[in-house]
Amino acid sequence: MPLRFIRLAGCACALLILAGCGGAVRVEPPVPEGPAAAACQALAERLPRRLDGADRVESTPASPYVAVWGEGRIALRCGVPRPVTMSPTDQVPEINEVAWYADPARPTLFTSVGRAAYVEVTVAREHTPQSVLVDLAAPIKAALPQTG
């Protein structure tokens, strides 16, 4: 085989591999309003570039209310509705002064409660939820005032 053909084939394979890698992760953004929208925009500016060893990546559609790390292995959505499965009498544990509701039907879903906006975080099993929630506590406390 001619060397030129081998080089072109190698370049074509590399481009196909790169085309299949990366890209934006699809996450449906919430649509917060009023004070919740403003608080979520403030949170977006404070979120870390790296979370539990995963780098932040782009999401689609682009939204200031969504952040994704590790090709979608950790996803944050700010301004979601109150969790429907959460009862007013539920005991909600706090991590670094941020209360997190853990959905009993979805063990990888956590929602911060008691602040200007609800923040939903999905953490894939290969990550440590407590580590992720600890790292998110400071930006959430700084951006989202407590409501009660």
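For the structure itself, look to the data block above.
These notes cover the structure that comes with them. (Residues numbered from 1 in each chain as written. Predicted model: local features only at pLDDT ≥ 70, side-chain atom pairs only at ≥ 80, totals over all residues. Heavy atoms only, no water.)

In this section: the sheet that holds strand β2 (residues 50–51). Spatially, eight strands are ordered β2-β3-β5-β6-β10-β9-β8-β7 in an open sheet, and the strand pairing comes out antiparallel. Of all the strands in the sheet, the pair left with one neighbour each is β2 and β7 (94–95). When strand β9 (residues 109–113) meets strand β10 (residues 118–123), the two strands line up antiparallel, connected through four bridges. Considered in β10, the bridge of T111 is made with E120. Where helix α2 (residues 34–46) meets the sheet, it contacts β3 (54–57), β6 (74–80) and β10, and its direction lies at approximately 155° from that of β6. Helix-sheet contacts for helix α3 (residues 129–143) involve β2, β5 (66–69), β6, β7, β8 (98–102), β9 and β10, and the interaxial angle to β10 is about 155°. (Pairing = 2+ DSSP bridges. Helix = DSSP H or I, 4+ residues; strand = E, 2+ residues; numbered from the N terminus. Contact = heavy atoms within 4.5 Å. Axes fitted to C-alpha atoms, helices over the stretch in contact; angles between N-to-C directions.)

A separate point is unusual backbone geometry. Of all residues except glycine, most have a negative phi; of all peptide bonds, most are trans. Residue P61 follows T60 across a cis peptide bond; omega there is -5°. By the secondary structure assignment, P61 is in the loop between β4 (59–60) and β5. Here E71, not a glycine, exhibits a phi torsion of approximately 55°, which is positive. As for its position among the elements, E71 is in the loop between β5 and β6.

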